[in-house]
Amino acid sequence: MIETDYVIAIPSYKRHKSIKSKTLALLEKHNICKSKITIFVANKNEYDLYNSLLQCQYNLVIGLEGMRNIRNFIVDYYPYGQNIMNLDDDLEDFVSIYDKIFNFDEWIRNGFELLNLNNANLFGIYPVNNKFFMSPTLRTDLRYIIGSCWGCINHKIKVTLDDKEDFQRSILYYLRDGIILRFEDLSCKSKYYKNDGGMQETRTKIRIEESAKYLYKKYPLLCSLKMSKKYGTHELKLKDKR
């Protein structure tokens, strides 16, 4: 029988109030056992704030500040081969194209089962909350696995970027396995980069631009660059053109 038990890792920064009403409330709604959930914070001061508000109902671990650092800390924290479901701290809801009641626990377990069956190690969701573009499809080619909701079998793969780290991770897992899984029928509702706290405390357009150009230069046959009129920075698109 394929082992599909898992843990949930939530990196969080300066969101000790909103995490309770967003991601943690969403997981509670889906009856996810609190003992599965670990929240990774940046320092002792953050730990005290989260601990006071959450009343020790969750595992709370002091990690490191910065997206790259905390992602790599989580990789090192768990043993090799651990099934890890990684979630952002500001998720409001899951969006499915189906009318049936969505069971997040079943979805996670199914994701890890499919990883094992396909000799893959990374899966995720459709990156845009728009049912018009979603479909009942499981992609297995090189696709962007958004950092807000993704599962992996821990192979100690680390990132080197604070911005576009989810693009980098998608590429690294694809290069390792020749396959990643993306469920086109599920997405997340979240106000990316609009909530207080999180990455926008330190991210800049220059850093975003440098990260995008770095990935394009390093992997020119796996991604392309296009200027975004909306954000004024380059957008990356992943595709295996080898």
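Refer to the structure above for everything that follows.
Here the structure is a predicted model, which means the values were calculated and not measured.

Another point: the overall build of the chain. When you go through the chain residue by residue, the secondary structure sums to 7 helices and 12 strands. Computed over its C-alpha atoms, the radius of gyration of the chain comes to 17 Å, within 12% of the 18 Å expected for a compact globule of 242 residues. Seen through its C-alpha atoms, the chain measures out along the principal axes to roughly 50 × 45 × 35 Å. When burial is assessed residue by residue, the chain has 52% of its 242 residues classed as buried. The contacts in the chain between residues at least 6 apart in sequence include a share of 71% that link residues at least 24 apart. Per element, the accessible surface of the chain, about 12,300 Å² overall, is 51% carbon and sulfur. Across the chain, 38 positive and 30 negative side-chain charges occur, with their mean positions spaced 5 Å apart.

Within the secondary structure, Asn-59 is located in strand 3 (residues 59–62). Residue Asn-59 is classed as partly exposed on the basis of its relative accessible area, which comes to 35%. With 19 residues separating them in the primary sequence, Asn-59 and Phe-40 have C-alpha atoms 8.6 Å apart. Here Thr-38 takes part through its side chain, which lies 3.5 Å from a polar atom of the side chain of Asn-59.

Now for unusual backbone geometry. For Asn-31, which is not glycine, the phi torsion reads 60 degrees and is therefore positive. Considering the arrangement of structural elements, one finds Asn-31 in the loop between helix 2 (23–29) and strand 2 (37–41). At Lys-164, a position not held by glycine, the phi torsion is positive, near 65 degrees. Along the polypeptide, Lys-164 turns up in the loop between strand 8 (149–153) and helix 6 (165–177).

Take the pattern of salt bridges next. Per the counting criterion, the structure on display carries 20 salt bridges. Between Lys-213 and Glu-209 there is a salt bridge, and its shortest N-O distance comes to 3.7 Å. Taken together, the positions of Lys-213 and Glu-209, both in helix 7 (residues 205–218) and 4 residues apart, correspond to about one turn of that helix. It is possible to trace a salt-bridge network through shared partners that takes in Asp-5, Lys-36, Asp-105 and Arg-109.

The next point concerns the packing of aromatic side chains. In this structure the tally under the stated criterion is 15 aromatic pairs. Taking 5.5 Å as the distance between ring centres and 65 degrees as the angle between the ring planes, the aromatic pair formed by Phe-94 and Phe-102 counts as edge-to-face. In this structure an aromatic cluster arises from ring pairing among Phe-94, Phe-102, Phe-104, Trp-107, Phe-112, Phe-123 and Phe-183. It is Lys-36 that lies over the ring of Tyr-6; its NZ or CZ is 4.3 Å from the centre. Stacked on the ring of Trp-150, the Lys or Arg Arg-169 has its end atom at 3.9 Å from the ring centre.

Let's shift gears to helix 5 (residues 104–117). Taking 1.5 Å as the rise per residue, helix 5 with 14 residues should run 20 Å; its terminal C-alpha atoms sit 20 Å apart, in good agreement. Of the positions making up helix 5, those classed as buried are Phe-104, Trp-107, Ile-108, Gly-111, Phe-112, Leu-114 and Leu-115. The buried side chains of helix 5 occupy one side of the element, clustering within an arc of 160 degrees when seen end-on. Residues Glu-106 and Leu-117 are exposed on helix 5 and point more than 90 degrees away from its buried face. For helix 5, the N-terminal cap is Asn-103; the gap from its side-chain oxygen to the backbone nitrogen of Asp-105 is 3.1 Å. Taken from the residues just after helix 5, Asn-119 is the one with a positive phi, measuring 55 degrees.

What counts and what doesn't
Residues numbered from 1 in each chain as written. Predicted model: local features only at pLDDT ≥ 70, side-chain atom pairs only at ≥ 80, totals over all residues. Heavy atoms only, no water. Helix = DSSP H or I, 4+ residues; strand = E, 2+ residues; numbered from the N terminus. Rg over C-alpha atoms; globule rule 2.2 N^0.38 Å. Buried < 20%, exposed > 50% of the residue type's maximum accessible area, 1.4 Å probe, protein only. Contact = heavy atoms within 4.5 Å. Areas by Shrake-Rupley, 256 points an atom, 1.4 Å probe, with all protein chains shown as cover. Lys, Arg positive; Asp, Glu negative; His and termini not counted. Charge placed at Lys NZ, Arg CZ, Asp CG, Glu CD. Polar contact = N/O pair within 3.5 Å; in protein donor to acceptor, adjacent residues only side chain to side chain. Salt bridge = Lys/Arg side-chain N within 4 Å of Asp/Glu carboxyl O. Phe/Tyr/Trp six-rings, centres within 6.5 Å; stacked < 30°, edge-to-face > 60°. Lys NZ or Arg CZ within 6 Å of the ring centre and 35° of its normal. Expected span 1.5 Å × (residues − 1). Arc of directions from axis to C-beta.

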